[in-house]
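Each chain, written out:
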Amino acid sequence: MSETVQESSPSAAEPETDETTEATETEETAEAAEKSEVSNTEALLVQEGDIAGDYLERLLDLLDYDGDIDLDVEAGRAVVSIDGGEDLEKLVGSRGQVLESLQELTRLAVQQETGVRSRLMLDVAGWRAGRRQELTELGRSTAEGVLESGKEARLRPMTPFERKIIHDAVAAVDGVHSESEGEEPNRKVVVFKS
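Residues numbered from 1 in each chain as written. Predicted model: local features only at pLDDT ≥ 70, side-chain atom pairs only at ≥ 80, totals over all residues. Heavy atoms only, no water.

1. Remarks on the pairing of strand β1 (residues 68-74)
Phase 1: Pairing of β1 with strand β2 (residues 77-83), which is carried by seven bridges, proceeds in the antiparallel orientation. Its bridge partner being in β2, Val-73 is matched across the sheet by Ala-78.
Phase 2: Between the antiparallel neighbours β1 and β2 lie two residues, among them Ala-75 with a positive phi of about 50°. (Pairing = 2+ DSSP bridges. Helix = DSSP H or I, 4+ residues; strand = E, 2+ residues; numbered from the N terminus.)

2. Side note on the layout of surface pockets
Phase 1: The calculated volume of the largest pocket comes to roughly 870 Å³.
Phase 2: Taken together, 35 residues line the largest pocket, and the ones lying closest to its centre are Arg-77, Met-121, Arg-128, Phe-161 and Glu-162.
Phase 3: At the level of elements, β1, β2, α2 (97-114), β3 (121-124), α3 (127-149) and α4 (160-171) are the ones that each hand at least two residues to the lining of the largest pocket.
Phase 4: A total of seven residues in the lining of the largest pocket trace back to one element, the largest contributor, which is α4.
Phase 5: Counted by class, the lining of the largest pocket contains 13 nonpolar, six polar and 16 charged residues. (1 Å grid on protein atoms, 1.4 Å probe; cavity = no way out; pocket = protein on both sides within 12 Å on 5 of 7 lines; lining within 4 Å. Points joined across faces, edges and corners; volume = space filled by probe spheres on them. Nonpolar A, V, L, I, M, F, W, Y, C, P; charged D, E, K, R; others polar.)

3. A closer look at the environment of Ala-43
Phase 1: With respect to the helices and strands, the residue Ala-43 is situated in helix α1 (residues 18-63).
Phase 2: For Ala-43, a relative accessible area of 44% gives the class partly exposed.
Phase 3: C-alpha separation for the pair Ala-43 and Val-73, spaced 30 residues apart in sequence, amounts to 9.8 Å. (Buried < 20%, exposed > 50% of the residue type's maximum accessible area, 1.4 Å probe, protein only.)

4. Considering the pattern of salt bridges
Phase 1: Across all of its chains, the model carries 13 salt bridges by this definition.
Phase 2: Across the pair Glu-104 and Arg-107 runs a salt bridge, and its minimum N-O distance is 3.9 Å. Residue Glu-104 and its partner Arg-107 are both found in helix α2; the two are separated by three residues, about one turn of the helix.
Phase 3: Accessibility expressed as a relative area gives 30% for Glu-104, which makes it partly exposed.
Phase 4: With a relative accessible area of 14%, Arg-107 lands in the buried category.
Phase 5: In this structure, Glu-184 and Arg-163 form a salt bridge, with 2.8 Å as the shortest nitrogen-oxygen distance. Linking Glu-184 in the loop between β5 (176-181) and β6 (188-193) with Arg-163 in helix α4, this pair joins segments that are 21 residues apart in sequence.
Phase 6: For Glu-184, a relative accessible area of 44% gives the class partly exposed.
Phase 7: Three or more residues joined by partner-sharing salt bridges are found here, namely Arg-131, Glu-134, Arg-156 and Glu-162. (Salt bridge = Lys/Arg side-chain N within 4 Å of Asp/Glu carboxyl O.)

5. Thoughts on the sheet that holds β5
Phase 1: Strands sit in the order β4-β6-β5 across an open sheet of three strands; the sheet is antiparallel. Looking at which strands have only one partner, the edges of the open sheet turn out to be β4 (153-154) and β5.
Phase 2: Sitting on the sheet, α3 touches β4, β5 and β6, and the angle it makes with β6 is about 35°.
Phase 3: Across the sheet, α4 is in contact with β5 and β6; its angle to β5 comes to roughly 160°. (Contact = heavy atoms within 4.5 Å. Axes fitted to C-alpha atoms, helices over the stretch in contact; angles between N-to-C directions.)

6. Structural notes on the packing of α3 against α4
Phase 1: Packing of α3 against α4 brings their axes to within 8 Å, and their N-to-C directions diverge by 45°. The angle between the axes of α3 and α4 places the two elements in the oblique class. Regarding α3 and α4, the two cross each other, and that crossing is right-handed. The segment α3 lies against α4, with Trp-127, Arg-128, Arg-131, Arg-132, Leu-135, Thr-136, Leu-138, Gly-139, Arg-140 and Ala-143 engaging Phe-161, Glu-162, Ile-165, Ile-166, Ala-169 and Val-170.
Phase 2: When grouped by side-chain class, the residues that make up the contact of α3 with α4 number nine nonpolar, two polar and five charged. (Parallel < 35°, antiparallel > 145°, perpendicular 65-115°, else oblique. Left-handed = near helix turned anticlockwise from the far one by under 90°.)

Encoded structure:
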């Protein structure tokens, strides 16, 4: 009589192989590293906001201006806003020029302490928030006008903050696109029909 030996095939009930275990451990390690990196980045942004808040608080004290400082993190950058005082509009200036300078000084103060270039955004008395709304409407209406007429439109020179808002608003309208042209401080947005 002959005896037949049948080899068993691997089944789902068998334990995982070393390769499968290693792959799972590698994925878990990668996920943990990614979460750690995100929390480290957010911690650095919170630190930037704290440094900026301290710097601006000292400035307000020197100027004897009243204002409440609010710190936040939005879209991968620290956001600091000062609200509440009557004199704060002086820190905005004509068309936000003083605000732009104050933002740059605050970024430099943060960089001096951290050693890393900051992309911090500063708003005073809600000026940037209001300006963002105005520029979004301008970008949308300009894009719609170009779409109707077929003729390109050139807007007046703007800051990088203002141009980005215009570009985002134009991008939301199908059939048109925008580009920046010129050199600072005369760089402007041009809107074209696609």
